[in-house]
Amino acid sequence: MAELFRMPAVAADAATAVLSAWQVAEGASFTKDDALVSIETDKAEVDVSAERDGVLLKALYEAGVEIEVGDPIAVLGTLGEQTGDIDALLAELGVGVAAPGEARQAVRRDVPEEPVAQPAAAPASGGPDRGGRIFSSPLARRLAREAGVGIETLTGTGPGGRVVRRDVEAAVAARRSQATQPPATPAPPAAAPVPQAAAPASPAGTGDHEDIPHTRMRRAIARRLTESKQHTPHFYLRATCAVDELLALRQRINAVSPVKVSVNDLLIKAVATAHTQVPEMNAVWQPEAVRRFRSVDVSVAIATETGLVTPVLRGIENLSVSAIATRTRAFAEQARSGALRPADLEGGSITVSNLGMYGVEEFAAIINPPQAAILAIGAARDEAVVRDGAVTAEKVLGVVLSVDHRPVDGAVAARWLAAFTEAVQDPVRLVV
C-alpha cells in the first residue's frame, strides 16, 4: 500500500533540511536499510535508510531543495506495486497536485546555484555500467556539488565502485589542469585592436583574487559564532599547567596499551574529572532555567576540509582514557569522511579545542552555543619555573577557559579551572 515518506528530523533544532540527492531512482525497488535519500542540515549530511523493503513510486522534490521537516518528499509502495494515476494517488494521500507547468520544488537558500553543465561527450566503451544508480559518499557528493562537478560523470574507486572524496578531488584537479594548458596551436596574428567596453567582473572573482562561494556549513558556522559573540556574555580565565608528569604517564600507558593515547585524550579526561568535582559547570543556559546535566558529555573540536565540527563524547566520567582515545579517533575518521550523524553533534556543556599541534601557545575560543564553556589548549613548551626558591626548567601548557556568565559565575569557573589544573598536574587520578 502506498504511503508518504516525509522529510525526517535528522537534527533536533532543524526546522528545514536540504534534500541533497536521491539514492534510489523513481520506480526502483529497495530493501530494508538501503540508503533512500541524502539529507543535509547545517551540521552534517547523512543518508536516510529505508525501514523496510519497498519501491519508490514518486519523488516529490528534486535534489538540491530545502524542505520543511515533516513535509512529504516521496511516495513509497510495497514491492511490485505500480504507480498508476499518480495525481489521483497524491490526492488520495492528501498531497496537493501542482498545476501544469508549476514545478513542485523549493528554493535552496544557503548554497549557490550550480552552473549549467554543457552536454558531455559520450563515455568511451568499456566503462562501468552503473544501471542508472550511482553510489557515492555524502562527503563526495558535497565536494562535487561545491565544485560544480556532476557526480554522475565520475568513476568511483571506492568499495563496489562507490564515488569517494579522492575521485572528486582528482576530477577537480584535472579540470584545473585543462583550464591552465596553453592552446595546441598559436593563434594567427590579430588585427589592430578595437577599443571595447570593459566586461563586468565575474562573481567568481577577477585575475587578482578568487571568490569561494559559501557552503551551507560555512554559513552555519558564521551564523552560530556571530550569535554567540553577540548574545553570550563571555568571560575568560587563564591557567598554566605543569605537564611533565602527564607526559610521563602517557609514555607509560602507550608502552603497554594496544590503543595509543594522546595528550588531548588525557586532557579530555581531566575535563571530566573537573566537571565531576564542580558539577555547577556541567550546565547550559535555557530561557526559563539553568539546565544541569547528570552525565559528563564533552564536545571535541575536529577540523575538516569543509569546516570545524564538534562531535560529543558522552558519559566520559565513566570511560577509561583508552576508551576516550578510541572514540575520539573514530569521530575524527567519520568527520573527515563525512559520516558523522547529526545526533553525534548535539548536546554537551563544554568543548575542548586544541591547537597545540600547530605550535600555538595560547588562544581564546568562542563558545559553541548553547554550551556554557570552551577550553582552548595550547602547545606544551619548556619554561623556567621557580620551585622552592630555585629556578628549574619544566614543560608547561597554557589553557584559556571561555565561559558563559549567564549560567556560570566567575567563582564557579575558577574552582573548575583549579580542579582541572590539579588533575593535569597529578595525573594518576585520571587512570584510577
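Residues numbered from 1 in each chain as written. Predicted model: local features only at pLDDT ≥ 70, side-chain atom pairs only at ≥ 80, totals over all residues. Heavy atoms only, no water.

### Notes on the overall build of the chain
For the chain, the count of helices and strands is 8 helices and 18 strands. Buried residues in the chain amount to 42% of all 432 residues. Considering only residue pairs separated by 6 or more positions, the chain has 65% of its internal contacts joining residues 24 or more positions apart. Carbon and sulfur atoms make up 54% of the accessible area of the chain, which totals about 23,600 Å². (Helix = DSSP H or I, 4+ residues; strand = E, 2+ residues; numbered from the N terminus. Buried < 20%, exposed > 50% of the residue type's maximum accessible area, 1.4 Å probe, protein only. Contact = heavy atoms within 4.5 Å. Areas by Shrake-Rupley, 256 points an atom, 1.4 Å probe, with all protein chains shown as cover.)

### Some remarks on a nonpolar patch on the surface
A cluster of nonpolar side chains, contributed by V428, V431 and V432, occupies part of the molecular surface with about 290 Å² of accessible area. Along the chain, the position of V428 falls in the segment after α8 (410-425). Using a relative accessible area of 45% as the deciding quantity, one classes V428 as partly exposed. (Patch = residues over 30% accessible without salt bridge, like charges linked within 9 Å, V, L, I, M, F, W, Y side chains within 5 Å. Salt bridge = Lys/Arg side-chain N within 4 Å of Asp/Glu carboxyl O.)

### Side note on the confidence of the model for the chain
Regions with low pLDDT should not have their predicted coordinates read in detail. Summary statistics for the chain give a mean pLDDT of 81 and a share of 79% for residues scoring 70 or more. Predicted confidence for residues 97-131 stays below pLDDT 50, and this span has 36 contacts to residues more than four positions away or in other chains. Of the regions scoring below 50 in pLDDT, residues 191-202 engages in 1 contact with residues more than four places distant in sequence or in other chains. (pLDDT = per-residue confidence, 0-100.)

### A closer look at the pattern of salt bridges
One pass over the full model with this rule turns up 12 salt bridges. Its salt-bridge partner being E3, residue R52 comes within 2.3 Å of it at the nearest N-O pair. Here E3 lies in strand β1 (residues 3-6) and R52 lies in the loop between β5 (45-49) and β6 (54-59), a separation of 49 residues in the sequence. Take E3: its relative accessible area is 32%, and that puts it in the partly exposed class. For the salt bridge of D265 with R329, the shortest nitrogen-to-oxygen distance reads 3.0 Å.

### Things to note about the nonpolar core
Ranked by internal contacts, the top residues of the largest apolar core, which has 55 residues, are M281, I316, L401, W416 and F420. Counting residues per element, this core draws most heavily on α8, which supplies 8 residues. Apart from residues lying up to four places away in sequence, I316 is in contact with I268, K269, A272, V296, V298 and I324. With 27 residues, the next largest nonpolar core counts A17, I39, L56 and A74 among its residues. (Core = buried A, V, L, I, M, F, W, Y, C linked by side-chain atoms within 4.5 Å.)

### Some remarks on the environment of E45
Considering the arrangement of structural elements, one finds E45 in strand β5. Look at E45 and you get buried, because its relative accessible area is 2%. Sequence separation of E45 and A339 is 294 residues, and the distance between their C-alpha atoms is 7.7 Å.

### Observations regarding the sheet that holds β6
As summarised here, the arrangement of the 4 strands in space is β1-β8-β6-β3, forming an open sheet in which the pairing is antiparallel. Looking at the sheet topology across the chains shown, the edges are occupied by β1 and β3 (29-30). Pairing of β6 with strand β8 (residues 72-77), which is carried by 4 bridges, proceeds in the antiparallel orientation. Note that in β8 the partner of K58 across the bridge is V75. (Pairing = 2+ DSSP bridges.)

### Remarks on the packing of aromatic side chains
In the structure shown here, the tally under the stated rule is 1 aromatic pair. Taken together, a centroid distance of 5.6 Å and an interplanar angle of 5 degrees make the contact between W416 and F420 stacked. Note that W416 and F420 are positioned in helix α8 at a spacing of 4 residues, about one turn of the helix. With respect to burial, W416 and F420 carry one shared label: buried. (Phe/Tyr/Trp six-rings, centres within 6.5 Å; stacked < 30°, edge-to-face > 60°.)

### Thoughts on the sheet that holds strand β15 (residues 312-313)
If you trace the 6 strands from one edge of the open sheet to the other, you get β9-β18-β17-β16-β12-β15, paired in mixed fashion. One side of each edge strand has no neighbouring strand; the edge strands of this open sheet are β9 (234-242) and β15.

### Here's the deal with the packing of helix α6 (residues 263-277) against helix α7 (residues 321-337)
Between α6 and α7, whose axes approach to 9 Å, the crossing angle comes to 115 degrees. It follows from the interaxial angle that α6 and α7 lie roughly perpendicular. For the element pair α6 and α7, the recorded crossing hand is right-handed. Counted together, D265, L266, I268 and K269 of α6 and V321, I324, A325, T328 and R329 of α7 form the full contact between these two elements. (Axes fitted to C-alpha atoms, helices over the stretch in contact; angles between N-to-C directions. Parallel < 35°, antiparallel > 145°, perpendicular 65-115°, else oblique. Left-handed = near helix turned anticlockwise from the far one by under 90°.)

### Some details on the packing of α6 against α8
At a closest axis distance of 8 Å, the pairing of α6 and α8 adopts a crossing angle of 135 degrees. The angle between α6 and α8 falls in the class oblique. Between α6 and α8 lies a crossing of right-handed hand. Along its contact with α6, which presents L267, A270, V271, T273, A274, H275 and Q277, the element α8 presents W416, A419, F420, A423 and V424. The class makeup of the residues in the contact of α6 with α8 is 9 nonpolar, 3 polar and no charged. (Nonpolar A, V, L, I, M, F, W, Y, C, P; charged D, E, K, R; others polar.)

### Re the pairing of β6
Consecutive side chains of a regular strand alternate in pointing toward one face of the sheet and then the other. With respect to burial, β6 is a largely interior element, 5 of its 6 residues being buried. Of the strand pairs in this sheet, β3 and β6 are connected by 2 bridges, and their pairing is antiparallel. Counted as the bridge partner of S29 is V55 from β6.

### Some words on α7
For α7, built from 17 residues, the straight-helix expectation of 24 Å at 1.5 Å per residue is met to within 8% by its first-to-last C-alpha distance of 25 Å. Contacts made by the buried residues of α7 are with α6, β12 (298-300), β13 (302-304), β14 (307-309) and β15. In the stretch just after α7, G338 is the one whose phi turns positive, near 75 degrees. (Expected span 1.5 Å × (residues − 1).)

### Digging into unusual backbone geometry
The step from P369 to P370 runs through a cis peptide bond, and the omega angle for that step is 5 degrees. Despite not being glycine, D33 has its phi angle at roughly 80 degrees, a positive value. With respect to the secondary-structure elements, D33 resides in the loop between β3 and β4 (35-40). Even without a glycine there, the phi angle at D388 is positive, about 55 degrees. Within the secondary structure layout, D388 lies in the loop between β17 (373-387) and β18 (390-404).

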